[in-house]
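One-letter residues, chain by chain:
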Amino acid sequence: MGEFLSWWNVLHAETAPGPVRADRAALRRADSIGAVTCLPAYQRVFRRLAAKHDGTSWTHREQDRIAALIGLAAHLYERDDTSLPQAMSRRADGADSNPVSDLRFARLLDSPDLDALFVGLRRVMPLIEHRADPAQMANDLFGWGDQVKKRWAYAYRWPDKAGS
């Protein structure tokens, strides 16, 4: 996790050198996990993470989750202590609705696979002002399954419906 966060901090530093900014731009353009995987920008960070890993090979499933994480991390500009479901329901002052509707959030929870989740989260990033906790995002992507979905459902601020 430390190596990922170190990379993320460099990626979003205001003083990032040209090649880092170019990598960030390439990662932001990638619209699928497959597109992320084929980028030299991704392969560089993947090799860096692999060099710090405990030596066991990652499974294809884990490699896809790393690609999703790296691709989404390029869209997360600002770090705060907010999990993704909290950020998706964080209302602006005076707002009466969540930045991510309960229908869109429910669709994320029902994502049939990691690719669909990636695309959905990529589209959500502007709605949450590109702010959340990258470490929590990493944990959630790696642990994505029923337990994380349940935790997200409890963390999201569901809107009150009239007449309920």
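The coordinates are above.
The following refers to the structure shown. For clarity, every value in this text was computed on a predicted model and none was experimentally measured.

## Looking at the environment of Lys150
Here is step 1: By secondary structure assignment, the location of Lys150 is in helix α10 (residues 146–155).
Here is step 2: Sequence separation of Lys150 and Ala92 is 58 residues, and the distance between their C-alpha atoms is 25 Å.

## Focus on the environment of Leu76
Here is step 1: Within the secondary structure, Leu76 sits in the loop between α5 (60–73) and β1 (78–79).
Here is step 2: When the C-alpha positions of Leu76 and Ala155 are compared, they lie 19 Å apart, and in sequence the two are 79 residues distant.

## Focus on helix α1 (residues 2–11)
Here is step 1: Every buried residue belonging to α1 is among Phe4, Leu5, Trp7, Trp8 and Leu11, and all of these are buried. One face of α1 carries all of its buried residues, which in axial projection span an arc of 160 degrees.

## Focus on the packing of aromatic side chains
The relative placement of two aromatic rings is captured by the distance of their centres and the angle of their planes.
Here is step 1: Evaluated as defined, the whole model comprises 8 aromatic pairs.
Here is step 2: On the basis of an interplanar angle of 40 degrees and a centroid distance of 5.6 Å, the ring pair of Tyr42 and Phe46 is categorised as tilted. Here the residue Tyr42 and the residue Phe46 both occupy positions in helix α4 (residues 40–52), the gap between them amounting to 4 residues, near one helical turn. Like Phe46, Tyr42 is buried.
Here is step 3: Ring-pair connections join several aromatic residues into one group, and the members of that group are Phe105, Trp144, Trp152, Tyr156 and Trp158.

## Topic: helix α8 (residues 114–124)
Here is step 1: Within the sequence span of α8, burial applies to Leu114, Leu117, Phe118, Gly120, Leu121 and Val124.
Here is step 2: For α8, the side-chain oxygen to backbone nitrogen distance between the N-cap and Asp115 is 3.2 Å, and the N-cap itself is Asp113.

## As for the environment of Pro19
Here is step 1: Counting through the fold element by element, Pro19 comes out in helix α2 (residues 18–29).
Here is step 2: Given a relative accessible area of 59%, Pro19 falls into the exposed group.
Here is step 3: Remark: the alpha-carbon pair of Pro19 and Ala41, spanning 22 residues in sequence, is separated by 9.3 Å.

Calculation rules
Residues numbered from 1 in each chain as written. Predicted model: local features only at pLDDT ≥ 70, side-chain atom pairs only at ≥ 80, totals over all residues. Heavy atoms only, no water. Helix = DSSP H or I, 4+ residues; strand = E, 2+ residues; numbered from the N terminus. Buried < 20%, exposed > 50% of the residue type's maximum accessible area, 1.4 Å probe, protein only. Arc of directions from axis to C-beta. Phe/Tyr/Trp six-rings, centres within 6.5 Å; stacked < 30°, edge-to-face > 60°. Polar contact = N/O pair within 3.5 Å; in protein donor to acceptor, adjacent residues only side chain to side chain.

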